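Close look at the chain arrangement
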Amino acid sequence: MNPYVLATLLSSLGLGTTLTFASWHWLLAWMGLEINTLAIVPLMAQHHHPRAVEATTKYFLTQATAAAVILFASTTNAWTTGEWDMTNMSNPTATAMILAALALKIGLAPMHFWMPEVLQGLDLLTGFILSTWQKLAPLALIIQTAQAFDPLLLSALGLTSTLVGGWGGLNQTQLRKILAYSSIAHMGWMIIILQYAPQLTLLALLMYVLMTSAAFLTLKFFSATKINTLATIWSKSPMLTTTAALVLLSLGGLPPLTGFMPKWFILQELAKQGLPLTATVMALAALISLYFYLRLCYTMTLTISPNITTSTTPWRTQATQSSLPLAMSTVMALGLLPITPAIMMLVI
């Protein structure tokens, strides 16, 4: 892609998200979301592969549907209340529609069906942008308007997403689909705690972005898209294979890794709010997710690839990727648990 075009698209991505962050008016927020969608569509379709074009079309249709619902709901709310302010959401129908549309935008279950299919059709770097940056603007809107939403509906969305994210990833062999289901499960964790402690939602989002960045950049380094490929990466870079396995366990939420921190805080807060049953179901759903992360770790570290392989021998290919972002995201995805007391002072 032409570097000038790429720079324009990436700056438009930044502009769309920033516009949504800074807006208090529903039309401005909607405009930011639309700029965001239109900026990533050319990035998704840049390889002109039929699967990429199909994934782009699916993504565009779902995002356009969600944007249309947001516009309709905010207009309905403005018609009822006489103002476009986000904080004044007094129309219950409009509020429910906006929550459904924003859930569709970030891929919360049961509006998640587009997410694995779209991610599977993209290359790893565009998938990385879709899994991290594209979640920020809709989540910012959900956090800003959280007080207007029905708590029961938020809890149902959160529980369904963590369970679907766990169950859906069990049967997958494609790494991008596994990361898509991982994303759905993590979004569930963020939504379940939103009504009780929004600061924990932000903490979970930050940790999710760090861990997902490390996972995608590692897979990009190895050009790995299937579980079978993971069996051959040990000979290429043993050290990076070790850290990749630890990053996956961090995504699963195992101590003493970074991913344990947000899950621990969220379960603690749910128990404080008198919801032990919800906390138990969330913890069990995290165990289901942990199974497919362990499956990937097993393939990477405890299996030997076949002697006769038809693929290009991976240790002969030169890596062209910059290693600094990968190193920084990996260190943060593995080693932030010791600063938990400092974070606890800030968020609790």
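Residues numbered from 1 in each chain as written. Predicted model: local features only at pLDDT ≥ 70, side-chain atom pairs only at ≥ 80, totals over all residues. Heavy atoms only, no water.

The subject of this paragraph is the overall build of the protein. Scanning the protein from N- to C-terminus turns up 16 helices and zero strands. Viewed in the frame of its principal axes, the protein has a C-alpha envelope of about 70 × 50 × 35 Å. Carbon and sulfur atoms form 70% of the exposed surface of the protein, whose accessible area is close to 15600 Å². A distance of 20 Å separates the average location of the 13 positive side-chain charges in the protein from that of its 8 negative side-chain charges. (Helix = DSSP H or I, 4+ residues; strand = E, 2+ residues; numbered from the N terminus. Areas by Shrake-Rupley, 256 points an atom, 1.4 Å probe, with all protein chains shown as cover. Lys, Arg positive; Asp, Glu negative; His and termini not counted. Charge placed at Lys NZ, Arg CZ, Asp CG, Glu CD.)

Domain boundaries assigned for the protein yield domain 1 (1-149) and domain 2 (189-306 + 326-347). Here the C-alpha centroids of domain 1 and domain 2 sit 25 Å apart. Listed by partner, the interface residues are 14 residues for domain 1 and 16 residues for domain 2. Summed over both partners, the interface of domain 1 with domain 2 buries about 1300 Å², with 88% contributed by carbon and sulfur atoms. For the pair domain 1 and domain 2, the interface holds zero salt bridges. The interface formed by domain 1 and domain 2 holds one residue pair in polar contact (both at pLDDT 80 or more) in total. Residues of the side of domain 1 that touches domain 2, tallied by class, amount to 10 nonpolar, three polar and one charged. (Domains from an automatic or database assignment. Contact = heavy atoms within 4.5 Å. Buried area = accessible area lost by both parts, 1.4 Å probe. Salt bridge = Lys/Arg side-chain N within 4 Å of Asp/Glu carboxyl O. Polar contact = N/O pair within 3.5 Å; in protein donor to acceptor, adjacent residues only side chain to side chain. Nonpolar A, V, L, I, M, F, W, Y, C, P; charged D, E, K, R; others polar.)

What follows covers the packing of aromatic side chains. All chains considered together, the criterion is met by six aromatic pairs. Between F260 and W264, the ring centres sit 5.7 Å apart and the planes meet at 15°, which makes this aromatic pair stacked. Of this pair, F260 and W264 both sit in helix α13 (residues 260-272), separated by four residues, roughly a single helical turn. The exposure class of F260 is partly exposed, given its relative accessible area of 25%. On the basis of an interplanar angle of 25° and a centroid distance of 5.7 Å, the ring pair of W264 and F265 is categorised as stacked. On the accessibility criterion, W264 (35% relative accessible area) is partly exposed. Members of the aromatic cluster, connected to one another through ring pairs, are F260, W264 and F265. If you follow K263 out to its NZ or CZ, it ends over the ring of W189, 5.3 Å from the centre. (Phe/Tyr/Trp six-rings, centres within 6.5 Å; stacked < 30°, edge-to-face > 60°. Buried < 20%, exposed > 50% of the residue type's maximum accessible area, 1.4 Å probe, protein only. Lys NZ or Arg CZ within 6 Å of the ring centre and 35° of its normal.)

Turning next to the UniProt feature "domain: NADH:quinone oxidoreductase/Mrp antiporter transmembrane" (unreviewed entry) in the protein. Look at the UniProt record and you will see "domain: NADH:quinone oxidoreductase/Mrp antiporter transmembrane" (unreviewed entry) annotated at residues 24-288. With 75% helix and 0% strand, the stretch residues 24-288 has end C-alpha atoms that lie 39 Å from each other. (UniProt positions renumbered as here; feature names shortened; annotations may be inferred.)

Let us look at the confidence of the model for the protein. Scored by pLDDT, the protein has a mean of 92; 95% of the residues are at 70 or more. Mean pLDDT values over the elements of the protein span from 87, in helix α16 (residues 340-347), up to 97, in helix α9 (residues 175-192). (pLDDT = per-residue confidence, 0-100.)

Moving on, we get to helix α6 (residues 124-131). Within α6, seven of the eight residues are buried, which leaves the element mostly enclosed by the surrounding structure. Looking at α6, one finds that the buried residues are L124, T126, G127, F128, I129, L130 and S131.

This paragraph deals with helix α2 (residues 26-44). Between its first and last C-alpha atoms α2 spans 27 Å; for 19 residues at 1.5 Å apiece the expected length is 27 Å, and the two agree. W26, A29, G32, L33, N36, T37, A39, I40, V41, L43 and M44 are the residues of α2 that are buried. At its buried positions, α2 is contacted by α1 (3-22), α3 (50-81), α4 (92-106), α5 (114-120), α6 and α7 (133-144). (Expected span 1.5 Å × (residues − 1).)

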